[in-house]
Amino acid sequence: MAGEERTVLVAMSGGVDSSVAAALLKQQGYQPIGVMLRLWSPHGESAYNRCCSPHSMNLARKVASILDIPFYVLDVQTKFHQIVVHEAFTQGYLSGLTPNPCLTCNRHIRWGFLFQYKQVLGAQWFATGHYARIDRDANGSPILKKAFDETKDQSYVLHVLNQELLQWTLFPIGHLRKEEVRTIAASLGLPVAQRKDSQDLCFLGNQDYRQFLTANVSEEIKPGAIISTDGKILGVHQGLPFYTIGQRKGLNIPSSRPFYVIRKDVQNNILIVGERCALDRHELLIENMNWISSKTPQNPFYAHIKIRYTSPAYPGEAIPLPDGRVRVKFEQPVSAVTPGQAAVLYQGDVCLGGGTIGANEEV
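In short, a report on the structure.

The rules behind these values
Residues numbered from 1 in each chain as written. Predicted model: local features only at pLDDT ≥ 70, side-chain atom pairs only at ≥ 80, totals over all residues. Heavy atoms only, no water. Helix = DSSP H or I, 4+ residues; strand = E, 2+ residues; numbered from the N terminus. Rg over C-alpha atoms; globule rule 2.2 N^0.38 Å. Buried < 20%, exposed > 50% of the residue type's maximum accessible area, 1.4 Å probe, protein only. Salt bridge = Lys/Arg side-chain N within 4 Å of Asp/Glu carboxyl O. Expected span 1.5 Å × (residues − 1). Bend = angle between axes of the 7 residues up to and from the residue. Contact = heavy atoms within 4.5 Å. Pairing = 2+ DSSP bridges. Axes fitted to C-alpha atoms, helices over the stretch in contact; angles between N-to-C directions. Arc of directions from axis to C-beta. Polar contact = N/O pair within 3.5 Å; in protein donor to acceptor, adjacent residues only side chain to side chain.

1. Observations regarding the overall build of the protein chain
Step number 1: Secondary structure summary: the protein chain contains seven helices and 17 strands in total.
Step number 2: Against the 2.2 N^0.38 benchmark of 21 Å for 363 residues, the protein chain shows a C-alpha radius of gyration of 22 Å, consistent with a compact globule.
Step number 3: Reported as C-alpha extents along the three principal axes, the dimensions of the protein chain are approximately 70 × 50 × 35 Å.
Step number 4: The buried share of the protein chain, taken over its 363 residues, is 53%.

Below, the structure is given as structure tokens:
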């Protein structure tokens, strides 16, 4: 192949993973074009957004220069703020959920906006530094698989992708371990070889999410009653968005025994707490389900289900429903099922897809 068929837009962040992804693609005969997104941050100060701080941008430029590839910066601050920060993050918390805005960013920003922008640059392929793999079935259709290094696997946050997007997506480092990626970066003289991974949400800066919500929507957050599962009033909460399912610390309940957040009653502004065993769930409902194969199974099937990015995958039965949702019945009770987080289905190392855990998680 030549020309456009070998040109690939690489989402670069100034980190080691995306830098090595671009380097490997060039070694494989592709023609990488590095692109970095300028995302929204509080007060419009990009220094506070870890994904596109001036330091990160400078590192990405240096890497592109070393690799001798083009590099561009695209401003998507308005789109990012509206879709990811306001609609997914802020409104999610205000509606009683514990959202994962990175999923929204992947769907609407990286593979929504940036994936389409590759056409403007004359590129056919799109690549990122995610730890995941793409295989092909007998018909050539893409299959999303876990990374070789499961300790770094990011297929969970990629379950939002579909056949059209995966068809032209590349994950160049999905077959590598993190230490191998750093070794490659060092061997190429890239200044990001030992750069630490970013762990927190990029737009929070040095704040935690509670500080961010207080600064931006404090007028919509009201104190209310803390009530036990047996109906006793135990105290006052500072605002439902400040709590998440399974939380134990920070409840300020005068009691010799520990209490955990069991549920949030948004309509009545009540925080329901109880003992540890009250967190156990046997079932959940997945809403907005995305099947990566684009084919909805007609019959129940056995799978392993991850209910948050850092959780293990729990065995259970997945039951597709006529309304497009999926009911999951776990083999054993699962603790702290959290509405707003994603539930993602796996069979072996294949990611089948996933969706959002519904607010009425006990069905």
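Don't stop here, the text continues.
2. Description of unusual backbone geometry
Note: most residues except glycine have negative phi, and most peptide bonds are trans.
Step number 1: One non-glycine residue, Asn288, adopts positive backbone phi at about 50 degrees.
Step number 2: Relative to the elements of secondary structure, Asn288 occurs in strand β12 (residues 280–291).
Step number 3: Accessibility expressed as a relative area gives 61% for Asn288, which makes it exposed.
Step number 4: A positive phi angle, close to 70 degrees, is found at Ser294, a residue other than glycine.
Step number 5: Tracing the backbone shows Ser294 in the loop between β12 and β13 (301–306).

3. Quick look at the pattern of salt bridges
Step number 1: By the definition in use, this model includes eight salt bridges.
Step number 2: With a shortest N-O distance of 2.9 Å, Lys178 and Asp17 are connected by a salt bridge. Of this pair, Lys178 sits in helix α6 (residues 178–187) while Asp17 sits in helix α1 (residues 16–27), and the two are 161 residues apart along the sequence.
Step number 3: Taking the relative accessible area as the measure of exposure, Asp17 reaches 15% and is therefore buried.
Step number 4: The salt bridge partner of Arg133 is Asp349, with a shortest N-O separation of 3.0 Å.

4. Considering helix α3 (residues 77–94)
Step number 1: Taking 1.5 Å of rise per residue, the 18 residues of α3 would be expected to cover 26 Å, yet its terminal C-alpha atoms sit only 22 Å apart, more than 12% below that figure.
Step number 2: Of all bends in α3, the biggest is about 35 degrees, found at His86.
Step number 3: What α3 keeps buried is the set Gln77, Phe80, Val84, Val85, Ala88, Phe89, Thr90, Gly92, Tyr93 and Leu94.
Step number 4: Of the surrounding secondary structure, the elements contacted by the buried residues of α3 are β2 (31–38), β3 (71–75), α4 (101–117) and α7 (209–217).
Step number 5: Phi turns positive one or two residues past the end of α3, at Gly96, with a value near 95 degrees.

5. Quick notes on the sheet that holds strand β4 (residues 125–127)
Step number 1: With respect to topology, five strands assemble into an open sheet ordered β3-β2-β1-β4-β7, the strand pairing being parallel. With one partner strand each, in any of the chains shown, β3 and β7 (169–170) form the two edges of the open sheet.
Step number 2: Here β4 pairs with β7 via two bridges, running parallel. Across the sheet, the residue bridging to Phe126 is Thr169, located in β7.
Step number 3: Of the strands in this sheet, β1 (7–11), β2, β4 and β7 touch α1, which is tilted by about 170 degrees from β1.

6. Structural notes on α7
Step number 1: Those residues of α7 that fall on the buried side of the exposure criterion are Tyr209, Phe212, Leu213 and Val217. Across the axial projection of α7, the buried residues extend over an arc of 95 degrees, all falling on one side.
Step number 2: Against α3 lie the buried residues of α7.
Step number 3: Sitting at the amino-terminal end of α7 is Asp208, which places a side-chain oxygen 3.0 Å from the backbone nitrogen of Arg210.

7. Quick look at the environment of Ala225
Step number 1: Positionally, Ala225 belongs in strand β8 (residues 224–228).
Step number 2: Between the alpha carbons of Ala225 and Phe203 there is a distance of 31 Å; along the sequence they are 22 residues apart.
Step number 3: Ignoring anything within four residues of it in the chain, the contact list for Ala225 reads Gly235, His237, Asn269, Ile270 and Leu271.

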